[in-house]
Amino acid sequence: MTEPVMPHGTPGIPAGWTMAWSRPVGWILDHLVYRTSVTGRHNVPTGGPVIFAGNHISFLDGPVMFGASPRPMHILVKQEMFTGFLGRVLTASGQLPVDRSGDRAALQRCRKVLDAGRCVGILPEGTRGSGAAEDINGGVAWLALNSGAPVVPVSILGTRKGDEHLDSVPRPGRRFHVSFGNALTLSRRAGESGRASMDRAALEIRAALSGHVQDSIQLTGQPLPAASNSQRLQAVAGTPADDH
């Protein structure tokens, strides 16, 4: 089967024009609909591929991270969202569908985006929860190891508070906090198997993200929301550990 070609773009990756209109929309969401304070922009490399890894507490996390970033990014979004009008908007804005039960094709497509020097945004906890990043899926580790792109941990606070329902919509004007942490570059070590590299990289990314979230809580005074007892973490994408 031939790979789909996006209009005016490299085969398999969104066209560059998708960022032209969606970036201003993200800024409007962050600064006109809501009040978003952003710190750590200087930690984001100004050129080359970057993987943004954010904590996940609300369905707004992806758009808020998108609007706060100093560089445009293509965000992995669950494929169930790509239906109807919303699906057309997500496609036109350059977002990437992913099957959360395991999607090697989505990871390979993300790698092509990174190989083209662009940025990818991932919420590696997999599903909305407390946002403490106590566990992450292996997809982000695989991407980091196989693309060589640095991983920037992103703390997102305020998009859900206290005991608010997972599907709650924050009232306009609420204060959000987005912080970009120090970039982390990962590579395989000599004599290390693919699985061992994956496990180590995932642990390092989890530690960097969870630590950055806690630092942001201390800095802003904004706590994480309560986690639902019924929640369980799901992988955003598969973990092809030994796919060299």
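The model shown is predicted, which means the values in this text are computed figures rather than measured ones.

Student: What is the right way to read the overall build of the chain from this model?
Tutor: Scanning the chain for helices and strands turns up six helices and seven strands. Scanning the chain from its N terminus toward the C terminus, one meets helices and strands in the order α-β-β-α-β-α-β-α-β-α-β-β-α. Looking at the chain as a whole, 52% of its 244 residues qualify as buried. Residue pairs at least 24 apart in sequence account for 76% of intrachain contacts in the chain once pairs closer than 6 positions are excluded. Accessible surface computed for the chain: about 11,100 Å², of which carbon and sulfur atoms make up 55%.

Student: Teacher, can you tell me more about the packing of helix 1 (residues 18–33) against helix 2 (residues 61–68) here?
Tutor: Two quantities define a packed helix pair, namely the angle between the helix axes and the distance between the axes. The interhelical angle for the contact between helix 1 and helix 2, taken along N-to-C directions, is 105 degrees, at an axis separation of 8 Å. One finds that helix 1 runs roughly perpendicular with respect to helix 2. When helix 1 is examined against helix 2, the residues Met 19, Ser 22, Arg 23, Gly 26, Trp 27, Leu 29 and Asp 30 are found in contact with a partner set consisting of Pro 63, Val 64, Phe 66, Gly 67 and Ala 68. Classifying every residue of the contact of helix 1 with helix 2 by side-chain character gives seven nonpolar, three polar and two charged.

Student: How should the packing of aromatic side chains be read in this particular structure?
Tutor: Any aromatic ring pair is given by two values, namely how distant the centres are and how the planes are angled relative to each other. Evaluated as defined, the whole model comprises two aromatic pairs. Each ring, one from Phe 52 and one from Phe 180, has its centre 5.9 Å from the other, and the planes form 75 degrees; the classification is edge-to-face. With Phe 52 in strand 2 (residues 50–54) and Phe 180 in strand 7 (residues 175–180), this pair connects stretches of sequence that are 128 residues apart. Across the pair, exposure class does not vary: Phe 52 and Phe 180 are buried alike.

Student: Explain helix 6 (residues 194–220) here, please?
Tutor: The α-helix advances 3.6 residues per turn, and as a result positions three or four apart in sequence lie on the same side. Look at helix 6: 38 Å from first C-alpha to last across 27 residues, which is about the 39 Å you get at 1.5 Å a residue. Among the residues trailing helix 6, Gly 221 stands out with phi positive, at a value near 75 degrees.

Student: Would you mind showing me how to read the sheet that holds strand 2 here?
Tutor: By way of backbone hydrogen bonds, the strands of a sheet pair with one another, either parallel or antiparallel. If you trace the seven strands from one edge of the open sheet to the other, you get 1-7-6-2-5-3-4, paired in mixed fashion. In the strand order of this sheet, the two ends are held by strand 1 (35–39) and strand 4 (96–98), each with one partner. Sheet twist, expressed as the average angle between the axes of neighbouring strands with direction ignored, equals 25 degrees. Where strand 3 (residues 74–78) meets strand 5 (residues 119–122), two bridges bridge the pair, whose relative direction is parallel. Counterpart to Ile 75 in the pairing with strand 5 is Gly 121. With respect to the sheet, helix 2 is in contact with strand 1, strand 2, strand 3, strand 5, strand 6 (151–157) and strand 7, its orientation differing from that of strand 7 by roughly 65 degrees.

Student: Just to check I follow, could you spell out the packing of helix 5 (residues 139–147) against helix 6 for this structure?
Tutor: Between helix 5 and helix 6, whose axes approach to 8 Å, the crossing angle comes to 110 degrees. Overall, the two elements helix 5 and helix 6 adopt an arrangement that is roughly perpendicular. Touching Val 140, Ala 141, Trp 142 and Leu 145 of helix 5 are Ser 197, Met 198, Ala 201, Ala 202 and Ile 205, all from helix 6. Split by residue class, the contact of helix 5 with helix 6 holds eight nonpolar, one polar and no charged.

What counts, and at which threshold
Each chain carries its own residue numbering, running from 1 in the direction its sequence is written. Totals for whole chains, interfaces and linings use all residues, but because this is a predicted model, local features are given only for residues with pLDDT of at least 70 and pairs of side-chain atoms are given and counted only at 80 or more. Remark: hydrogens and water are excluded; side-chain values derive from all non-hydrogen atoms of the structure. Helical segments are the DSSP runs of H or I of at least four residues, strand segments are the runs of E of at least two, and each set is numbered from the N terminus. The buried label applies to any residue whose accessible area, calculated with a 1.4 Å probe on protein chains only, is under 20% of its type's maximum; exposed applies above 50%, and partly exposed to all values in between. Here, residues are in contact when the closest pair of their heavy atoms is within 4.5 Å. What sets the accessible areas is the Shrake-Rupley method with a 1.4 Å probe; for residues, cover comes only from the shown protein chains. Inter-axis angles, ranging from 0 to 180 degrees, are taken between N-to-C directions of lines fitted to C-alpha atoms, where helices are fitted over the stretch in contact. The scheme is simple: roughly parallel for angles under 35 degrees, roughly antiparallel for over 145, roughly perpendicular for 65 to 115, oblique for anything else. All amino acids are sorted into three groups, where Ala, Val, Leu, Ile, Met, Phe, Trp, Tyr, Cys and Pro are nonpolar, Asp, Glu, Lys and Arg are charged, and the leftover types, Gly among them, are polar. Two aromatic rings, drawn from Phe, Tyr or Trp (for Trp, its six-membered ring), form a pair once their centres lie within 6.5 Å of each other, and the interplanar angle then sorts them: stacked below 30 degrees, edge-to-face above 60, tilted otherwise. Every helix has an expected span of 1.5 Å times one less than the residues it contains. If DSSP finds at least two bridges between two strands, the strands pair.

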